[in-house]
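# An overview of the molecular structure
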Amino acid sequence: MAVKPFKKIEIIGLKTDKTKLISSLKRLGLVQITNLQSNNAINITHYDEILDKLNRIYDNLKPISEKPENPFIGERVITADYEKDVLKENELSDLYEKIRKHLNNMRERSTNIHTLEHKILKLQIVKDLEVPLGKIEDSPFTKKRIMIIPYGQLENFNEIIKNTSNLYAKKITQVKNQISFLIIYPTIMEEELVEKFSKIDKEPYEITGEPYAPKPLIEKYEEEIENNSQGLENEKDILGKYLKYYNRVKISIDYYKNELEKITIGNNLETTEKTFYIEGWVPRDKMNKVDEYLKKTNILYVNFREPLKNEKVPIEYKNAPFINFYESITDMYDRPNYSELDPTPLISLFFTFFFGFCLTDAGYGLIIVIFMSFIIFNKKTKRILGNSIKIFYVFFFSGIAAMFMGAITGGFFGITLPQAVAKYVPINLSIDNLNNSAIPFLKFAIYLGAIHVAFGFLLNMIKEIKRKNIFMGIMQNLPNLIIIYSSIKLTASLIGAEVNTPLWLTLFGISMILNVIFSAPESKGIKRILKGAYNAFFGFTGLMGDILSYMRLFALGLATGILIFVINTVAGILIDLLGIPGYIFAVLLLIVGHIINILLNSLGAFVHSLRLQFVEFFQKFFEGGGKPYSPLRETFKFTIIEERKEK
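Residues numbered from 1 in each chain as written. Predicted model: local features only at pLDDT ≥ 70, side-chain atom pairs only at ≥ 80, totals over all residues. Heavy atoms only, no water.

## Topic: the overall build of the protein
Along its length, the protein carries 21 helices and ten strands. Taken over C-alpha atoms, the radius of gyration comes to 39 Å for the protein, far larger than the 26 Å a tight globule of 647 residues would show. Expressed along its principal axes, the backbone C-alpha trace of the protein runs to roughly 120 × 90 × 55 Å. Taking all 647 residues of the protein together, the buried fraction comes to 43%. Across the protein, every contact between residues at least 6 apart in sequence was considered, and the portion connecting residues at least 24 apart equals 80%. Carbon and sulfur atoms make up 59% of the accessible area of the protein, which totals about 35,600 Å². (Helix = DSSP H or I, 4+ residues; strand = E, 2+ residues; numbered from the N terminus. Rg over C-alpha atoms; globule rule 2.2 N^0.38 Å. Buried < 20%, exposed > 50% of the residue type's maximum accessible area, 1.4 Å probe, protein only. Contact = heavy atoms within 4.5 Å. Areas by Shrake-Rupley, 256 points an atom, 1.4 Å probe, with all protein chains shown as cover.)

The following block contains the structure:
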């Protein structure tokens, strides 16, 4: 339950070997550097420009690549000679300029196509006009206009035409809900007609000076679109010839990103005129490997030491394969610090069981297990989700716990168990047996809560002993463990159980007195007693409240079963009322109802199980504040290196 132990590493080397050593440390991937300084004066624009060119090339070759890429990591390139496949700077510049030329041509042709399509769309409304638009010109005494009238305003437009003398209007084309008209009127009527036409809220059609009628002009534009489209396809074909560089571009992105990081780190290290200094962390079990590796380099000095008391040591979990899936649950709250225990092993047990307790149905658990299996045993899904797949394993094992609890409580999609089977179920939670099973089920939840909270105090005691606070660690935690157990015994005696009441009452009283004495060690004299009494009283009431809050397990477990019963009962009523058609509606209700019930109750089970860990359990011992171990290493988005010879 402890986190992985670390050693502090100190390295001194010659500045001439700095870049080579950083490159070696990145390949080793075990040293987390902690003494980096921010140096904003360093100019890294050159590498930014290289990466910008590479990313532009990649973004434009990706759509025409034959292989569909993973949306998260792209298509991996497997290479045995990483540096050899990297595009050199002059080669990259030449490739970038060639691709940019074709992209500019493609962009120009695409713009032309969109412009011509817009012009055709505009001409559709006047396509039946038989004269070129350029010939519709005003004379000294007349005005010519093309008006686009919405079909809903046609009656108002006809009314204006009818009541206006010396006005000529000819219909041109109707397209969908619009009609175009050619209008001719005396110039002196301009002001009058502008006012009348403003009532139908339509601007005059903009007349261009094209020497073609609309139909021939549309044909001309369509021909130009065809030519541009063909040219665009030709440019795409030419661009496709550069796909031979596609893998090298991806390799180069990874390479130059690592080079940029290497230079940035090197420039931000502490240096003198001739030397540089690195300080960092190494897992203790990897110390010898790092030491042997560094002895092969030209470093001047290397030293390993234990962490000092107040040093911020990075945190790396050390858990078995099953337990490490639950690290995602711990991280939702915080990562443990270096001086405390990792609660993940206990979370893996309690969270899983709490989840199953809240569902208490083997059928629902089976559905969750099947659904999660499609995710966690699918290689493609694993690759897409990466480390996030851990939470799906948590649901998988929680589904198994729900199946186990279903077996204990006799729950399987609410189906009534045969009497021969039901008599072997320890806590039968069927509706007709709740009078007999509800109280034992409630006791089970409370006892489970008492055990969970007790583990919190036990972990706190172990943590303080580990910190050499042995006496106070025991005196501040052991009394609470006794209080929990003695309270259960005394409560049992109140409801008629045979218990040695004087003994447990004595232990309870002694434990409360110890809490009064040791719960406020920072105070002195009477102030310590008063503050201790205050802490002891509210500590006890809070402790009882924490344990009783585990009744939520009981409530959620019953709620799941009752909702299942309601869904099944309503389905049966539909069959009784509707006969054969009722079977169809009943099946639909069962499918939809149970799916919704699984989703809602699984969400409730997850949230409340999480709350019991974070509030009732963690508050007893957990401090958190740890930062993940993040060693200096090469990062590859696209590249998988098969083999590599050290230089």
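## Details of the packing of aromatic side chains
In total, this model carries 42 aromatic pairs according to the counting rule given. Centroid distance F471 to F518: 5.5 Å. Interplanar angle 75 degrees. Geometry classified as edge-to-face. With a gap of 47 residues between them, F471 in helix α16 (residues 470-475) and F518 in helix α18 (residues 501-518) connect regions that are remote in the sequence. Note on F471: relative accessible area 52%, which makes it exposed. (Phe/Tyr/Trp six-rings, centres within 6.5 Å; stacked < 30°, edge-to-face > 60°.)

## Observations regarding unusual backbone geometry
For N166, which is not glycine, the phi torsion reads 60 degrees and is therefore positive. When you line up the elements, N166 lands in the loop between α4 (154-162) and β5 (168-175). Even without being a glycine, F413 presents a positive backbone phi close to 55 degrees. Within the element layout of this structure, F413 appears in the loop between α13 (390-409) and α14 (419-422).

## Some words on α4
Here α4 has its buried residues at L154, F157, I160 and I161. Buried residues in α4, looked at end-on, bunch into an arc of 120 degrees, giving them a common side. Projecting away from the buried face of α4 at angles above 90 degrees are the exposed residues E155 and K162. Buried positions along α4 lie against β4 (142-150), β5, β6 (178-186) and α5 (190-197). (Arc of directions from axis to C-beta.)

## Some remarks on the pairing of strand β8 (residues 275-283)
The buried fraction of β8 amounts to seven of the nine residues, a majority that puts the element mostly inside the structure. Sheet topology places strand β2 (residues 32-33) next to β8; two bridges connect them, and they run antiparallel. Counted as the bridge partner of Q32 is W281 from β8. Summarising the sheet, strand β7 (residues 270-271) and β8 pair through two bridges and their orientation is antiparallel. Across the sheet, E270 pairs through a bridge with Y277, a residue of β8. Joining the antiparallel neighbours β7 and β8 is a turn of three residues. (Pairing = 2+ DSSP bridges.)

## So, the nonpolar core
Within the largest apolar cluster, 68 residues are counted, with the highest numbers of intra-cluster contacts made by Y326, I329, F351, F357, F441, I484 and L553. Broken down by element, the residue count for this core peaks at twelve residues, all from helix α15 (residues 434-466). (Core = buried A, V, L, I, M, F, W, Y, C linked by side-chain atoms within 4.5 Å.)

## Observations regarding helix α20 (residues 551-578)
Taking 1.5 Å of rise per residue, the 28 residues of α20 would be expected to cover 40 Å, and the 41 Å separating its terminal C-alpha atoms lies within 8% of that figure. Immediately downstream of α20, the backbone of G579 shows phi near 70 degrees, a positive value. (Expected span 1.5 Å × (residues − 1).)

## Some details on the packing of α18 against helix α19 (residues 525-548)
Following both chains from N to C, one finds α18 and α19 inclined at 130 degrees, their axes separated by 6 Å at the closest point. When the interaxial angle is binned, α18 and α19 end up oblique. Seen along the crossing, α18 lies across α19 with a hand that is right-handed. On α19, the residues touching F508, M512, N515, V516, I517 and F518 of α18 are R528, I529, G532, A533, A536 and F540. Taken together, the residues that form the contact of α18 with α19 break down as nine nonpolar, two polar and one charged. (Axes fitted to C-alpha atoms, helices over the stretch in contact; angles between N-to-C directions. Parallel < 35°, antiparallel > 145°, perpendicular 65-115°, else oblique. Left-handed = near helix turned anticlockwise from the far one by under 90°. Nonpolar A, V, L, I, M, F, W, Y, C, P; charged D, E, K, R; others polar.)

## Here's the deal with the pattern of salt bridges
In the structure shown here, the tally under the stated rule is 29 salt bridges. The partner of K390 in a salt bridge is E327, with the nearest N and O atoms 3.1 Å apart. Pair noted here: K390 is in helix α13 and E327 is in helix α9 (residues 327-333), with a separation of 63 residues, a long-range link. Like E327, K390 is buried. Within this structure, K8, E10, E279, R305 and E311 form a network of salt bridges that share partners. (Salt bridge = Lys/Arg side-chain N within 4 Å of Asp/Glu carboxyl O.)

## As for the packing of helix α2 (residues 45-61) against helix α3 (residues 89-123)
The packing of two helices is summarised by the inter-axis angle and the distance between the axes. In the contact formed by α2 and α3, the axes pass within 10 Å of each other and the chain directions differ by 45 degrees. With respect to α3, the element α2 is oriented oblique. The handedness of the crossing between α2 and α3 comes out as left-handed. Residues H46, I50, K53, L54, R56, I57 and N60 of α2 form the contact with α3, whose participating residues are E89, L92, S93, L95, Y96, I99 and L103. Its residues assigned to classes, the contact of α2 with α3 comprises eight nonpolar, three polar and three charged.

## Thoughts on the confidence of the model for the protein
Per-residue confidence for the protein gives a mean pLDDT of 88; residues scoring 70 or more make up 96%. Per-element averaging of pLDDT across the protein places strand β3 (residues 77-79) at the bottom with 70 and helix α10 (residues 344-359) at the top with 95. (pLDDT = per-residue confidence, 0-100.)

## Some points on the pairing of β5
Two faces, one strand: in a regular strand the side chains alternate between the faces of the sheet. Across seven bridges, β5 lies against β6 in antiparallel orientation. If you follow A169 over to β6, its bridge partner there is I183. From the end of β5 to the start of β6, which pair antiparallel, there are two residues, and K176 there has a positive phi angle of about 55 degrees.

## Re the sheet that holds β5
Strands sit in the order β4-β6-β5 across an open sheet of three strands; the sheet is antiparallel. Of all strands in the sheet, those bounded by a partner on one side alone are β4 and β5. In this sheet, neighbouring strand axes are inclined to one another by 20 degrees on average, regardless of whether the strands run parallel or antiparallel. Of the strand pairs in this sheet, β4 and β6 are connected by nine bridges, and their pairing is antiparallel. Directly across from I146, in β6, lies its bridge partner L182. α4 rests against β4, β5 and β6 of the sheet, and its axis sits at about 15 degrees to β6. With respect to the sheet, α5 is in contact with β4 and β6, its orientation differing from that of β6 by roughly 160 degrees.

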